[in-house]
Amino acid sequence: MKNLEQHIKPYSKAVVKLLRQPIESSMSLWNDVLNYQVEIQDYLTIIGLELVVKKDDGFAYLKELEDSEGNTLGIVSKRKIGFEASIIIVVLRQTLEEFDQNPNQFDVNEKFISFQEIKDEIELFLPETYNKVKLMKDLEINIRRIVELGYLREISRDDFDVKYQIHRIIKEKISLDQLQEFKNKLENYVESL
């Protein structure tokens, strides 16, 4: 019978964690990711995954390798998040982009946003002709879903509001081209109503 201790590598726990979620620089496994980056990548390549380490932003995550036609091995399941949650993610991505483009923010790396600010940004983002009632009614549910996906992290909560940190991984998952494509689709959808 094989024994776990005989086969475990010094970076095994980091690989297991990465298969579940990104690893943050504040986590104990961060140093394993940095120290064994080459070994982890060699191991993951076998199953069609790439290790992405964003040292300056303080996180590492996995993404699927694609063939020349854009196909993957399918190890990562695609989750449908729904139209309303997609709108919120796009608003968060755009908010982070605007924050990063602000020359007055050089000393601050993290973008924080409150529940009320998310609500206000969504109302500004959507055209007047869009029916915002359902979106606003389900806003809290959709924000919880986005927290579960790892794009937002709840920082504090009181009787009046909730404060979140926008996770920088959102910039890795949603490019500026994808952001513009979604905006165009939204405009077309609204015009068709």
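About the criteria used
Residues numbered from 1 in each chain as written. Predicted model: local features only at pLDDT ≥ 70, side-chain atom pairs only at ≥ 80, totals over all residues. Heavy atoms only, no water. Pairing = 2+ DSSP bridges. Helix = DSSP H or I, 4+ residues; strand = E, 2+ residues; numbered from the N terminus. Contact = heavy atoms within 4.5 Å. Axes fitted to C-alpha atoms, helices over the stretch in contact; angles between N-to-C directions. Phe/Tyr/Trp six-rings, centres within 6.5 Å; stacked < 30°, edge-to-face > 60°. Lys NZ or Arg CZ within 6 Å of the ring centre and 35° of its normal. Patch = residues over 30% accessible without salt bridge, like charges linked within 9 Å, V, L, I, M, F, W, Y side chains within 5 Å. Areas by Shrake-Rupley, 256 points an atom, 1.4 Å probe, with all protein chains shown as cover. Salt bridge = Lys/Arg side-chain N within 4 Å of Asp/Glu carboxyl O. Buried < 20%, exposed > 50% of the residue type's maximum accessible area, 1.4 Å probe, protein only. Parallel < 35°, antiparallel > 145°, perpendicular 65-115°, else oblique. Left-handed = near helix turned anticlockwise from the far one by under 90°. Nonpolar A, V, L, I, M, F, W, Y, C, P; charged D, E, K, R; others polar. pLDDT = per-residue confidence, 0-100. Arc of directions from axis to C-beta.

Colleague: Would you explain the sheet that holds strand S1 (residues 23-24) in this entry?
Modeller: Within a sheet, each strand pairs with its neighbour through backbone hydrogen bonds, oriented either parallel or antiparallel. Strand order in the open sheet made by the 3 strands is S1-S3-S2, with antiparallel pairing throughout. Strands at the two margins of the open sheet, each flanked by one partner only, are S1 and strand S2 (49-54). The sheet contact formed by S1 and strand S3 (residues 59-64) spans 2 bridges and is antiparallel. Paired with glutamate 24 across the two strands is phenylalanine 59, which belongs to S3. Along the sheet, helix H2 (residues 12-20) contacts S1, S2 and S3; its crossing angle with S3, the most-contacted strand, is approximately 70°.

Colleague: Which parts of the structure should I look at to understand the packing of aromatic side chains?
Modeller: Here a ring pair, both rings aromatic, is described through the centre-centre distance and the interplanar angle of the planes. Under the criterion given, the structure shown has 2 aromatic pairs. Residue placement shows lysine 163 over the ring face of phenylalanine 112; its charged tip is 4.9 Å from the ring centre.

Colleague: So what exactly am I meant to see when it comes to a nonpolar patch on the surface here?
Modeller: On the surface, Leu19, Ile46, Ile47, Ile75 and Val76 cluster together into a nonpolar patch covering about 450 Å² of accessible area. With respect to the secondary-structure elements, isoleucine 75 resides in the loop between S3 and helix H5 (83-101). We classify isoleucine 75 as partly exposed; its relative accessible area is 44%.

Colleague: Any chance you could explain the packing of H2 against helix H4 (residues 37-45) here in plain terms?
Modeller: A pair of packed helices is captured by two measures, namely the crossing angle of their axes and the spacing between those axes. Contact geometry of H2 with H4 gives a least axis separation of 11 Å together with a crossing angle of 55°. Comparing their axes, H4 and H2 come out oblique. Between H2 and H4 lies a crossing whose hand is right-handed. Touching Ala14, Val15 and Leu18 of H2 are Ile40, Tyr43 and Leu44, all from H4. Classifying every residue of the contact of H2 with H4 by side-chain character gives 6 nonpolar, no polar and no charged.

Colleague: Looking at this structure, how should I read the pairing of S3?
Modeller: When a strand is regular, its side chains alternate between the sheet's two faces. Among the 6 residues that make up S3, 5 are buried, leaving the element largely enclosed by the rest of the structure. As judged from the 6 bridges shared by S2 and S3, these two strands associate in the antiparallel manner. Note on S3: the bridge partner recorded for lysine 54 is phenylalanine 59.

Colleague: Would you mind going over the confidence of the model for the protein with me for this structure?
Modeller: On average, residues of the protein score 85 in pLDDT, and 91% of them are at 70 or above. Helix H3 (residues 30-35) holds the highest mean pLDDT among the elements of the protein, 96, whereas helix H1 (residues 4-7) holds the lowest, 74.

Colleague: How do you make sense of the environment of aspartate 56 when you look at a structure like this?
Modeller: Relative to the assigned elements, aspartate 56 resides in the loop between S2 and S3. Along the primary structure aspartate 56 and phenylalanine 99 are separated by 43 residues, whereas in three dimensions their C-alpha atoms are 16 Å apart.

Colleague: How do you make sense of helix H8 (residues 139-149) when you look at a structure like this?
Modeller: One turn of the α-helix equals 3.6 residues, which is why residues spaced by three or four share an orientation. Looking at H8, one finds that the buried residues are Leu139, Asn142, Ile143 and Ile146. An end-on view of H8 places all buried positions within 100° of arc, on one side of the element. Taken together, the buried residues of H8 touch H5, helix H6 (115-125), helix H7 (133-137), strand S5 (152-157) and strand S6 (162-166). Two residues or fewer after H8 comes glycine 150, characterised by a positive phi angle close to 95°.

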